[in-house]
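Overview (structure and organization)
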Amino acid sequence: MSADAETDTDALAGVPSPPMRADARRNREQILRAAREVFADQGPDAPLDEIARRAGVGIATLYRRFPHRAELHRGVAIEVLTALVEAASRAAAEEVDPCLALRRFMHAALDLKIGSVLPALLGRFTVDEILDSVPGDAVDPIDAMLLRAQERGLVRSDVVFGDITLMIIRLTRPLPGGGRFAPDDGLAHRQLDVYIDGLRPTGSPRPTTPLGGPAVDAEAFKRIRERVIDDAHDAHEAHEAHEARDAESDPDPDSA
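Keep in mind that this is a model prediction, so the values were computed, not measured.

With respect to the layout of surface pockets
The computed volume of the largest pocket comes to approximately 510 Å³. What lines the largest pocket is a set of 23 residues, among which Leu-81, Leu-84, Leu-118, Leu-131 and Asp-137 lie closest to the centre. If you list the elements that add at least two residues to the lining of the largest pocket, you get helix H5 (69-94), helix H6 (98-111), helix H7 (114-121), helix H8 (127-131), helix H9 (139-151) and helix H10 (161-171). Considering every element that reaches the lining of the largest pocket, the biggest residue donor is H10, with four residues. Here the residues of the lining of the largest pocket are counted per class, giving 19 nonpolar, three polar and one charged.

Structure follows, in structure tokens:
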């Protein structure tokens with residue numbers, strides 16, 4: 001039995017595992033990052049082969065680290081929430097300006113795609129299974145950053161915690177019909193900057209932060225609209241064709 005297999009068997013049995021080798025730890029991190037991206041794009045039932053390919057590992061390595069899909073689901077959820085806690089704590093500790101700390105955290109959280117990944121995984125684990133495995137809670141440092149920014153007059157006083165976190169979730173949700181296009185991530189960061197500047201109190205100086213990401217004018221929007229609708233239509237037709245092939249290969253015996 002390989003060292004990786006022994007480690008996973010011990011973990012399943014509740015036996016404390018020895019420290020993970022550097023290469024095994026790296027493989028695990030790559031698999032979780034790839035799974036996060038694939039689940040965001042294709043949902044929690046996406047092919048594991050695709051996750052292994054994006055992670056740059058063999059499918060056998062994926063199964064050694066995560067013998068069951070449910071373990072991969074829980075691993076991704078824990079990894080995302082742990083990264084969220086770390087991003088909030090670092091921003092709060094390293095930025096003197098609480099408004100800059102909030103901006104830094106929100107952009108980091110956007111990259112985690114929490115609005116696409118976590119909702120797709122809901123119902124596949126309990127809150128205790130996940131939160132008990134996360135070192136800390138991002139709520140406290142986020143709320144502290146917001147309150148400090150308000151105390152210094154940098155954020156309007158009627159903004160509350162949900163205005164920060166729920167907007168990140170909205171900006172990371174997939175487009176209608178599941179369509180995606182290449183500049184989508186950059187566009188989300190641009191729109192987040194617009195939103196953050198809107199948190200300023202009345203009478204604040206005009207923002208000087210240049211907007212990044214793609215500038216989608218009316219013509220660009222028309223092109224994106226066509227691509228999203230066509231992609232969704234193609235995906236629907238492919239799904240119907242797949243179902244038709246399945247029906248032909250496995251006819252209903254009662255119809256004979």
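A few points about empty space enclosed by the protein
Under the definition given, this model contains one cavity of 30 Å³ or more. The class makeup of the residues in the lining of the largest cavity is six nonpolar, no polar and one charged.

With respect to the confidence of the model for the protein chain
For the protein chain, the average pLDDT comes to 83, and 86% of its residues sit at 70 or higher. Per-residue pLDDT stays below 50 along residues 1-16; that stretch engages in 18 contacts with residues further than four places along the chain or on separate chains.

Describing the environment of Glu-129
Assignment of secondary structure puts Glu-129 in helix H8. Between the C-alpha atom of Glu-129 and that of Arg-74, which follows or precedes it by 55 residues, the distance is 7.9 Å. Polar side-chain contacts of Glu-129 include one of 2.7 Å to the backbone nitrogen of Thr-126.

Quick look at the pattern of salt bridges
As enumerated under the stated definition, the model contains 15 salt bridges in all. Note that Glu-50 and Arg-53 form a salt bridge whose closest N and O atoms lie 2.8 Å from each other. Residue Glu-50 and its partner Arg-53 are located together in helix H3 (residues 48-55), separated by three residues, close to a single helical turn. Overall, the relative accessible area of 18% leaves Glu-50 in the buried class. A salt bridge links Glu-50 to Arg-54, with the nearest nitrogen and oxygen atoms 2.8 Å apart. Taken together, the residues Glu-50 and Arg-54, both in helix H3 and four residues apart, mark about one turn of the helix. A residue is classified by how much of its surface remains accessible, and Arg-54, at 36% relative accessible area, is partly exposed. By sharing partners, the salt bridges in this structure join Asp-41, Glu-50, Arg-53 and Arg-54 into a single network.

So, unusual backbone geometry
Backbone phi values are negative for most residues with the exception of glycine, while trans is the configuration of most peptide bonds. Positive phi is not limited to glycine here, since Lys-113 has a value of about 55 degrees. Turning to its location among the elements, Lys-113 is positioned in the loop between H6 and H7.

Side note on the nonpolar core
The biggest cluster of nonpolar side chains holds 55 residues, and the ones touching the most others in it are Ile-51, Leu-72, Val-76 and Phe-105. The set of elements that each furnish at least two residues to this core consists of helix H2 (22-42), H3, H5, H6, H7, H9, H10 and helix H11 (184-197). It is H5 that contributes the most residues to this core, 11 residues altogether. Ignoring any residue separated from it by four or fewer positions in sequence, one finds Leu-72 in contact with Ile-31, Leu-32, Ala-35, Phe-39, Leu-48, Ile-51 and Phe-66.

Here we look at the environment of Leu-171
As for its position among the elements, Leu-171 is in helix H10. Note on Leu-171: relative accessible area 19%, which makes it buried. Between the C-alpha atom of Leu-171 and that of Asp-185, which follows or precedes it by 14 residues, the distance is 9.3 Å. Sequence-distant contacts of Leu-171, that is, excluding residues within four places in its chain, are made with Leu-110, Ala-188, Gln-191 and Leu-192.

Some details on H6
In an α-helix, one turn spans 3.6 residues, which is why side chains three or four residues apart end up on the same side. With 14 residues, H6 extends 20 Å from end C-alpha to end C-alpha; this agrees with the ideal 20 Å at 1.5 Å per step. The element H6 is largely enclosed, with a buried count of 10 among its 14 residues. Of all the positions in H6, only Pro-98, Cys-99, Ala-101, Leu-102, Arg-103, Phe-105, Met-106, His-107, Ala-109 and Leu-110 are classed as buried. Elements that come into contact with the buried residues of H6 comprise H5, H7, H9, H10 and H11. By the N-cap criterion, in which a side-chain oxygen at the helix start approaches the backbone nitrogen of a residue two or three places on, H6 is capped by Asp-97, the distance to Cys-99 being 2.8 Å. Directly after H6, the chain includes Lys-113, whose backbone phi takes a positive value near 55 degrees.

What counts, and at which threshold
- Residues numbered from 1 in each chain as written.
- Predicted model: local features only at pLDDT ≥ 70, side-chain atom pairs only at ≥ 80, totals over all residues.
- Heavy atoms only, no water.
- 1 Å grid on protein atoms, 1.4 Å probe; cavity = no way out; pocket = protein on both sides within 12 Å on 5 of 7 lines; lining within 4 Å.
- Points joined across faces, edges and corners; volume = space filled by probe spheres on them.
- Helix = DSSP H or I, 4+ residues; strand = E, 2+ residues; numbered from the N terminus.
- Nonpolar A, V, L, I, M, F, W, Y, C, P; charged D, E, K, R; others polar.
- pLDDT = per-residue confidence, 0-100.
- Contact = heavy atoms within 4.5 Å.
- Polar contact = N/O pair within 3.5 Å; in protein donor to acceptor, adjacent residues only side chain to side chain.
- Salt bridge = Lys/Arg side-chain N within 4 Å of Asp/Glu carboxyl O.
- Buried < 20%, exposed > 50% of the residue type's maximum accessible area, 1.4 Å probe, protein only.
- Core = buried A, V, L, I, M, F, W, Y, C linked by side-chain atoms within 4.5 Å.
- Expected span 1.5 Å × (residues − 1).

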